[in-house]
Each structure stands twice: as C-alpha cells, then as structure tokens.
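Structural overview
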Amino acid sequence: MDISTAQGESSSLQVIPVEKLQVDTTYQPAMTQSRVNRIASEFDPDLLQAITVNVRTNGAWYVIDGQHRVGAIRKIGLSTVKAWMFHGLSVAKEALLFHKLATQRRGSLPAIARYQSLLAAEDVEIVAIQKVLDEHQLTIGKSGGSKNRIAAVNAILWIWREHGEVIFRESLNVIYKAYPSDNQRWIAPLLESVAMFIKRYPEASIDRLTDKLATTLASKVIAEINHLNEAINGRMASSGHRDRPVYLRIDCGAEVLVRYYNRNLKESSRLLSWKV
C-alpha cells in the first residue's frame, strides 16, 4: 500500500541509493546523532521501515521522512534503502507530509519542530503568526541566549488563539520595548502574563506597563512570577484543593504585573488586584 498526499499524489516503493539523499532543514529538525547510533546498533533489515523521498523538479532527492534511518544506514555502510518515492512535490507539500507522517508515528512533534514544519507547509495560522514575528525581527527556535529567538512556541500559540492578533502584537511590543537587549525576554511566563494583563485591563496604559517593566530585568519579573506561583500552590495544597491549576502560573504573572503597574500611583488610580 503506497503513501499518498492529501491532494492525491501517490508514491511507489523502490530501492534507491542513499548517496543521492538530502534533508531540508527548513522544515525538519536537525538529526540527533544518539538516535542514529541507536538505530544502527539495533539494525535489522527485516524490520526497517521504508523511508519517504521526493524527487524535486530540479532533480534533487529529498528525504521527507526517515533521515535518522538514512543516517544509520550510512553509518553501517550500506548503499541502498527502500523508499516510498514521490516526484515533483513542492517544498510546502513535502513539509506537510513530513508533519503528518511524523505526528502519526510519534504521536506529536516537539513544539519548535511542529511550528517550523507547518510554516514550511504554508499553514494559514502559522504564516500569519510568522508575519507578525518578522515585523519584530523575531524567529522561532531554541533561544540559545539570543534576544531575537523565541523557544516558547506553545505560549505564542496560546496567546494568538486565546487573545487574538491585536493583543499578540501588543504583548510583543511591550516586551520588545521594555527589554531591548535582554536575552531572557521571550520566556513563556512573561509572554503569557503580559497578554493576560492587556486583556484584563483594557483601560491600562501600555506605555506605563512598559516603563515599569523596564525598571528591572526580565529574569527578575519571571522569578517573582514563579515565587508567587509556588506560594499559591503551597496554600492550595495545604487547604486540600486547587482552583484552575492550568492557568495558575498565568494568573500569578498577571498579578505581578499589576503590582508593577500600581507602583507610585495614588490609590484612586490603581488597577484592581488580579486576586489570585
């Protein structure tokens, strides 16, 4: 039984040379050498599943699914592999097929790999999110100490889906302006908390929130969020119940931002407490 795309393009099973195979890292994560080593050490040709390959219109052969199997075969020294062969798929169709096959086999992809594969597959939602990130010169990937790279993919998706594009943009703007050189500015608790704050307090001054956050490091704000979260968790555990555990850290983050916002304001001008 062959593998087919959603548009009906079909494949055929062939034995092909591994020397011709390439991997497109715009939609596939980097190969993990430990995984290659494990496959090679446990190699059984009778159990090895066929990989999936596309021959592009320029004649190049790209692995859609199975780069670790290819790596193991090369490590062992074999020259051929069984493959489901497609011809003429676009890069977007390759990426979408990779996403579907990897999700089907593993249950899910890591958040960054899932985002990157859907971006290459021209997913409407992900393309719209990336357009906003591009405007802020931001990319998705393991942060690695970069102030312009976001690893908190699930936080990004949650804000977009829960609060919409306007609040997503405003949240990025606040953090971007408050911490222009801070490598820790795109941590999930801070992103989520800023979005929650903006949603809950539409009357609040965004400029004031930005200025107040700018008085300290992003890491300090995140530490305060985590400290309050731990305190509330402990209080709930001792009382024998927990309310809204999924959103607890986000609530604590929004409360911390309210406290920053209210500093040096007369009581009549202060925002109401989040009341976590």
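Coordinates for the structure precede this section.
Residues numbered from 1 in each chain as written. Predicted model: local features only at pLDDT ≥ 70, side-chain atom pairs only at ≥ 80, totals over all residues. Heavy atoms only, no water.

Looking only at helices and strands, one finds 10 helices and 7 strands in the protein. A globule of 276 residues ought to have a C-alpha radius of gyration of about 19 Å, yet the protein, at 24 Å, is considerably larger. In the protein, buried positions account for 47% of the 276 residues. Contacts spanning at least 24 positions in sequence make up 73% of the contacts within the protein whose residues lie at least 6 apart. Taken as a whole, the protein presents about 14300 Å² of accessible surface, with 50% of it coming from carbon and sulfur. If the 35 positive side-chain charges of the protein are averaged to one point and the 28 negative ones to another, these points end up 4 Å apart. (Helix = DSSP H or I, 4+ residues; strand = E, 2+ residues; numbered from the N terminus. Rg over C-alpha atoms; globule rule 2.2 N^0.38 Å. Buried < 20%, exposed > 50% of the residue type's maximum accessible area, 1.4 Å probe, protein only. Contact = heavy atoms within 4.5 Å. Areas by Shrake-Rupley, 256 points an atom, 1.4 Å probe, with all protein chains shown as cover. Lys, Arg positive; Asp, Glu negative; His and termini not counted. Charge placed at Lys NZ, Arg CZ, Asp CG, Glu CD.)

The full count for this structure, using the stated rule, is 4 aromatic pairs. Judged by centre distance (5.3 Å) and plane angle (80°), the rings of tryptophan 160 and phenylalanine 168 are edge-to-face. Given the relative accessible area of 14%, tryptophan 160 is considered buried. Pairing phenylalanine 197 with tyrosine 201 gives two aromatic rings, centres 5.2 Å apart and planes at 45°, and the pair type is tilted. (Phe/Tyr/Trp six-rings, centres within 6.5 Å; stacked < 30°, edge-to-face > 60°.)

Before going further, it helps to spend a moment on the packing of helix H1 (residues 33-41) against helix H2 (residues 67-76). Contact pair H1 / H2: the axes reach a minimum separation of 8 Å and the direction vectors enclose 60°. The angle between H1 and H2 falls in the class oblique. Viewed along their axes, H1 and H2 form a crossing whose handedness is right-handed. Contacts from Arg35, Val36, Asn37, Ile39 and Ala40 of H1 reach H2 at His68, Arg69, Gly71, Ala72, Lys75 and Ile76. The class makeup of the residues in the contact of H1 with H2 is 5 nonpolar, 3 polar and 3 charged. (Axes fitted to C-alpha atoms, helices over the stretch in contact; angles between N-to-C directions. Parallel < 35°, antiparallel > 145°, perpendicular 65-115°, else oblique. Left-handed = near helix turned anticlockwise from the far one by under 90°. Nonpolar A, V, L, I, M, F, W, Y, C, P; charged D, E, K, R; others polar.)

Pairing between the strands of a sheet comes from backbone hydrogen bonds, and it takes one of two forms, parallel or antiparallel. The sheet built from 5 strands is open, its strands ordered S1-S5-S3-S4-S2 with mixed pairing. In the strand order of this sheet, the two ends are held by strand S1 (12-17) and strand S2 (21-22), each with one partner. For S2 and strand S4 (residues 61-65), the ladder comprises 2 bridges, and the chain directions are parallel. Note on S4: the bridge partner recorded for glutamine 22 is tyrosine 62. On the sheet, helix H3 (residues 91-106) packs against strand S3 (51-55), S4 and strand S5 (80-87) and is oriented at approximately 35° with respect to S4. (Pairing = 2+ DSSP bridges.)

Let us look at the pairing of S5. Relative to S5, S1 is paired through 6 bridges, and the arrangement is antiparallel. Looking at the pairing, glutamine 14 lines up with alanine 83 of S5.

Another aspect to go through is helix H7 (residues 188-200). Its 13 residues give H7 an end-to-end C-alpha distance of 18 Å, which sits within 8% of 18 Å, the value for a rise of 1.5 Å per residue. Within H7, 11 of the 13 residues are buried, which leaves it mostly tucked inside the rest of the structure. (Expected span 1.5 Å × (residues − 1).)

The next subject is the pairing of S4. Most of S4 sits out of view: 5 of its 5 residues are buried. Examined bridge by bridge, S3 and S4 share 4 bridges and lie antiparallel to one another. Among the inter-strand pairings, valine 55 is bridged to a residue of S4, identified as tryptophan 61. Count of turn residues in the S3/S4 antiparallel hairpin: 5 residues, of which glycine 59 carries a positive phi of about 95°.

As a further point, take the packing of helix H8 (residues 206-213) against helix H10 (residues 248-262). Two elements in contact, H8 and H10, have axes whose closest approach is 9 Å; the angle formed by their N-to-C orientations is 95°. Taken together, the axes of H8 and H10 are roughly perpendicular relative to one another. Two secondary-structure elements touch here, H8 through Arg208, Leu209, Lys212 and Leu213 and H10 through Leu257, Tyr260, Tyr261 and Asn262. Residues that form the contact of H8 with H10 fall into these classes: 5 nonpolar, 1 polar and 2 charged.

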